[in-house]
Amino acid sequence: MDYKKLLADIVILQDVESEEIEPLITVPKDSAMGDYCLPCFKFAKAMKKSPVVIAQEIVSRIGAYNFLEKAEAVAGYVNFTLNKKMVASKVVEKILSEGEEYGKSEVGAGKTVCIDFSSVNIAKPFHMGHLLNTVIGGALCRIYRALGYKVVGINHLGDWGTQFGKLIVAYKMWGDKKDIDARGVRGLLDIYVRFHEEAEKNPALEDEARAWFKKIEDGNKEALELFGYFKEVTMKEVEKIYKRLNVTFDSYAGESFYNDKMQPVLDELEQKGLLELSDGAKIVRFEGDKMPPCLLVRSDGATLYATRDLAAAVYRKNTYDFYKCLYVVAYQQNLHFKQIFEVLRLMGKPWAEDMVHVAHGMVSLEDGALSTRTGRVVFLEDVLNTAVAKAREIITQKNPDLEDKEQTAEQVGVGAAVFAMLFNGRIKDVVFDYDKVLNFDGETGPYVQYTYARCCSLLEKCACEGDDFDEEGIANDEAYALVKALEKYPESVVTAGEKYEPSIVTRQIVDIAQAFNKFYFEHNIKSAAPAVRNARLALVGATRQVLESGLALLGISAPKKM
Ligand code: ARG
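Analysis parameters
- Residue indices begin from 1 for each chain and proceed along its sequence in written order.
- Only residues with pLDDT of at least 70 get local features here, since the model is predicted, and only at 80 or more are side-chain atom pairs given and counted; chain-wide, interface and lining totals rely on the full set of residues.
- Side-chain measures here rest on the full set of heavy atoms in the structure, leaving out hydrogens and waters.
- The buried label applies to any residue whose accessible area, calculated with a 1.4 Å probe on protein chains only, is under 20% of its type's maximum; exposed applies above 50%, and partly exposed to all values in between.
- Numbered from the N terminus, helices here are DSSP runs of H or I no shorter than four residues, and strands are runs of E no shorter than two.
- Two strands qualify as a pair provided DSSP detects at least 2 bridges between them.
- Crossovers are described as right-handed under a simple rule: with the strands pointing away from the observer, the path leading from the first strand over the helix to the second runs clockwise.
- For this analysis, a nonpolar core means a set of buried residues of the types Ala, Val, Leu, Ile, Met, Phe, Trp, Tyr and Cys, connected via side-chain atoms within 4.5 Å.
- Whether two residues are in contact is decided by their heavy atoms: any pair within 4.5 Å suffices.
- Fitted lines through C-alpha atoms give the axes, limited to the stretch in contact for helices. The angle between two N-to-C directions lies from 0 to 180 degrees.

### Quick notes on the pairing of strand β10 (residues 355–360)
Piece 1. The element β10 is largely enclosed, with a buried count of six among its six residues.
Piece 2. Neither face of β10 is open: one carries Met355, His357 and Ala359, the other Val356, Val358 and His360, and all of them are buried.
Piece 3. Examined bridge by bridge, strand β9 (residues 324–330) and β10 share six bridges and lie parallel to one another. Residue Tyr327 lies in a different strand from β10, and its bridge partner there is His357.
Piece 4. This β-α-β element, β9 to helix α14 (residues 334–346) to β10, shows right-handed connectivity.

### What to know about unusual backbone geometry
Piece 1. If you check the backbone angles, Ala75 has positive phi at about 50 degrees while not being a glycine.
Piece 2. Mapping Ala75 onto the fold places it in the loop between β2 (68–74) and β3 (77–82).
Piece 3. One non-glycine residue, Asp279, adopts positive backbone phi at about 50 degrees.

### Considerations on the nonpolar core
Piece 1. The biggest cluster of nonpolar side chains holds 159 residues, and the ones touching the most others in it are Phe80, Ile115, Leu245 and Phe432.
Piece 2. Apart from residues no more than four positions distant in its own chain, Phe80 is found in contact with Leu7, Val11, Gly34, Asp35, Tyr36, Cys37, Leu38, Ile62, Leu68, Lys70 and Ala71.
Piece 3. One finds Cys294, Phe322, Cys325 and Trp351 within the second-largest nonpolar core, a separate group that totals 36 residues.

### Notes on the sheet that holds strand β5 (residues 150–154)
Piece 1. With parallel pairing, four strands are arranged side by side in an open sheet as β5-β4-β9-β10. Two strands close off the open sheet at either side, each with one partner strand: β5 and β10. Shown here is a sheet whose adjacent strand axes are inclined to one another by a mean of 20 degrees, direction ignored.
Piece 2. Bridge count between strand β4 (residues 112–116) and β9: four bridges; the pairing is parallel. Pairing of Ile115 across the sheet is with Leu326, part of β9.
Piece 3. Packed onto the sheet, helix α6 (residues 130–146) meets β4, β5, β9 and β10 and runs at close to 155 degrees relative to β9.

Pasting the structure below:
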């Protein structure tokens, strides 16, 4: 029900159309001021009357409507209070009849959004730092799909660079296939580190590495086979984690995919007079040197990360004709994306405006920042396993007889980690604290999951009797606050998409869970009179549905029992 529109239609003001009134109507912060309010200050000048008088006139002209309990003029505002019983039953009915469709829409129909996220580097550890990126990207994919967009989730694999030459040299010297098959990237990392140690003593190794990288570039069979093997080892591990995080991709076109797609872009830059020679390197400069030039070809002829990103952007536009192309990447790469987008603009691509760097912060464990350079790499797999082990302990304490304890621990442990990543605005740095994210009473995943399980168990234990429905049962303050939170859910999905901010959905479902628990502790369901109980059970059902949909959008499983 679009109450803003409805209210705008019943407000009668001379020479003012309801289309002008509707956008002025807002939801007051304090619910004591009613459900909606209309400030009258904007009309004062044209009407040559004070806002106080205008508000009073509006109120005196408003007729009786059964959806409206009252309209009051207060200090230049009209405060509208809706008929709680009617609103509550309408919202509940809508949610129950729409089911999983509640909160979805078709605003994006016919439009494609490319979302570049997670984008892991081959032969490098999938560490804790990737968690934020992977789950924000995954959530955005699902949010855009729920809004009717066609989504192309892209893993722009870091699968190109001289390090692969080093890895081949290292593997040929010290590699043990059995060990690497068993230990995966950890095995690769060991020989990679050893390469650097040995190369300090024996710089000739670096030349050898360069030669091997050249062989990859030239398509040498052995070099490509080894390179393919490293990729396979990495992806096997990474795929396991994606599965646990409920994340999927539509394309794994990584950096190497663009090897043969860069030259046409460089040619176009050349033709448009944008490419400048500087000490043998090819760069694009920006007006007034407002930012450092973008280096595209090194003096030795090698292309760069930026060159591949330019080719990738052009390829994506040609292949998917995107409405928007998002890059979910940490804020450290702000400059890189500014440069790429600006180069595209200089090339005269109007769609450069549709490219968005969805920047996010960093994650660290409590004991300090994570950095590959200092060697303090925390593998994401270990973090998830620890979270699951702790969840298992808590569940064993709370509910020792639970069936499927193992699966529930996985859902709660991983869900807690994912939820914590999606709770704050994405640009914030996050310190990961196991006890905090697993606190069943905090603003956490387990709290929302637990509330969901509570709804499920109430619905299981308590059946409706007859079909009398007493709306009074869901018109009390606590129930009404819950109704309002449920009613806001669809809007939170839209705003999350518009702002590339899944945390808006996360916070909305926390609000819903909190409102539900207040209602649950204040009002009896089981022993209420049948008609009241029926109404309350319907509200529980609606809550269950929205929590389930919301958690699903975030990529979090919702166990029915905990
Ligand atoms: N692999 C890169 C990194 O770990 C991220 C790639 C992001 N995507 C892109 N199109 N540049 O830093």
